[in-house]
Amino acid sequence: MLYLDNSATTPILMEVKEKMLTYLTEEYGNPSGKYYGLAEDAKKAVEEARSHVSQLLGSYTHEVIFTSGATESNNMIVKGVADLYTDKGNHIITTKAEHNSILDICRFLETKGIEVTYLDVDRFGRINIEDVEKAINDRTILISIIWGNNETGSLNPIKEIAELANKHQVLFHIDATQAVGKVEMNWHEHPGISFLSASAHKLFGPKGAGITLIRSNKYKELLPLTPLIHGGGQEHGIRSGTYAVHNIVGLGEAARLAKERFDQNYNRLIELEEHLLSILHSKFGERIILNSDSEDKIPGIINIRFKGLNNEVLLKKLSTVIAASTGSACSSAKPSHVLQAMGLNLVEVRESVRFSLSPYQTKEELDIFNQL
Ligand code: PMP
């Protein structure tokens, strides 16, 4: 079976599994313990993982906070800002093409007196930078915008948004869950980005491990946030709870490998994407329409409309040979809000399929489409 749902989740790499196993078995110490070897070893492993993540993202190690995944990171950041910056204002800017873990938080916060502007997106799912500037007012406390869209792969202009955020002194969060490891991120080059969220299981790491990056000042002080999870004081008191050492170690190893193999993986994804598109074009001709842009996108994520074919029927029929999806796994029961925000009508949405590739696949594996 050809697995083309790598945006929903990825398998863990063998190297990741091997590292994790050690911390599920013999190295079972609690990193918050002191003096004895098991605790010190676990602490060292967590800090090593932190260092790998910071090297992948180009941040300082102390800016990396471990969470249970990007849903938690998004909640931590958006709710944490909404709670702490009430003196400054009550307005958040986001987009209509976010992952549900942002949209649901915003809808919840609206019931608590926060005003939210949901920016329109263009036909590929990107915001218009002028709309961002127009939406900023003197009560705006946060701009939260997805970097690479999980359904189309389109990249938003985070450099330009970061400059705007800096100019207007507004905090800026990017949901980088799909882009990390596939698009270069150098955190130090974008001081206007205040927060970033990401997840291990999109990166060939384990499920249940995530990243929140928080910008620090020259005294190594992180931007303040109200914690989502109070408790034992781990992670500077910003994210309490006993460390899931095996998951964190797995995330660290996945980040290390993503950095080491970045160029190779990037080129491979481009090559595979071109190959898949050429097969689909020759097989389906005029009957397919690309919902994804051909440039300025995450390599390996393609959203395609099969004119006249219902996506659920198609995917069900293919399910023994090809695994793909109609969009985000987290909202697969409903027609995609992202494609609707891009201007597709409900019929067109129901004809659309997302294929998401892995750099560990081969062109030969994709040739299975020729046999359909
Ligand atoms: N944001 C985006 C863009 C995503 O694609 C996902 C995962 N589908 C999430 C957030 C949530 O990530 P997690 O599964 O780690 O909670």
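If you look the chain up in an unreviewed UniProt entry, it shows as Aminotransferase class V-fold PLP-dependent enzyme from Bacillus aerolatus. The UniProt entry for the chain carries the following comment under Catalytic activity (unreviewed entry): "(sulfur carrier)-H + L-cysteine = (sulfur carrier)-SH + L-alanine". Annotation of the chain in UniProt includes, under Sequence similarities (unreviewed entry), the sentence "Belongs to the class-V pyridoxal-phosphate-dependent aminotransferase family. NifS/IscS subfamily."

Visitor: For this particular structure, what's the right way to read the sheet that holds strand E12 (residues 352-356)?
Guide: Through backbone hydrogen bonds, the strands of a sheet pair up, either in parallel or in antiparallel fashion. Spatially, 3 strands are ordered E9-E10-E12 in an open sheet, and the strand pairing comes out antiparallel. Unpaired on one side and paired on the other, strand E9 (288-290) and E12 mark the two borders of the sheet. Averaged over all pairs of adjacent strands, the angle between strand axes in this sheet comes to 30°, irrespective of strand direction. Pairing of strand E10 (residues 301-306) with E12, which is carried by 5 bridges, proceeds in the antiparallel orientation. Opposite asparagine 303, over in E12, you have arginine 354 as the bridge partner. Across the sheet, helix H8 (residues 262-284) touches E9, E10 and E12, and the angle it forms with E10 is around 10°.

Visitor: In this structure, what is going on with the pattern of salt bridges? I would like to understand it.
Guide: Oppositely charged side chains may form a pair once their charged atoms are brought near each other. Under the counting rule described, the total for this entry stands at 20 salt bridges. The salt bridge involving arginine 50 is made with glutamate 235; its shortest N-O contact spans 2.8 Å. Residue arginine 50 is found in helix H2 (residues 37-57), and its partner glutamate 235 is found in the loop between strand E8 (210-214) and helix H7 (245-260); the two are separated by 185 residues along the sequence. For arginine 50, a relative accessible area of 6% puts it in the buried group. With relative accessibility at 5%, the residue glutamate 235 sits in the buried group. Here arginine 126 makes a salt bridge to aspartate 293, at a shortest N to O gap of 3.0 Å. Taken together, the positions of arginine 126 in the loop between strand E4 (115-119) and helix H5 (129-135) and aspartate 293 in the loop between E9 and E10 put the pair 167 residues apart, joining distant regions of the chain. Connected via shared salt-bridge partners are Glu47, Arg50 and Glu235.

Visitor: What exactly am I supposed to notice about the domain arrangement of the chain here?
Guide: Interfaces are frequently sized by the accessible area removed from exposure as the parts join. Structurally, the chain comprises domain 1 (2-9 + 262-371) and domain 2 (14-260). The gap between the C-alpha centroids of domain 1 and domain 2 is 27 Å. Every contact between the two is made by 32 residues of domain 1 and, on the other side, 33 residues of domain 2. Contact between domain 1 and domain 2 buries roughly 2,700 Å² in total, counting both sides, with carbon and sulfur atoms accounting for 53%.

Here is what the cut-offs are and how they apply
- Residues numbered from 1 in each chain as written.
- Predicted model: local features only at pLDDT ≥ 70, side-chain atom pairs only at ≥ 80, totals over all residues.
- Heavy atoms only, no water.
- UniProt positions renumbered as here; feature names shortened; annotations may be inferred.
- Pairing = 2+ DSSP bridges.
- Helix = DSSP H or I, 4+ residues; strand = E, 2+ residues; numbered from the N terminus.
- Axes fitted to C-alpha atoms, helices over the stretch in contact; angles between N-to-C directions.
- Contact = heavy atoms within 4.5 Å.
- Salt bridge = Lys/Arg side-chain N within 4 Å of Asp/Glu carboxyl O.
- Buried < 20%, exposed > 50% of the residue type's maximum accessible area, 1.4 Å probe, protein only.
- Domains from an automatic or database assignment.
- Buried area = accessible area lost by both parts, 1.4 Å probe.

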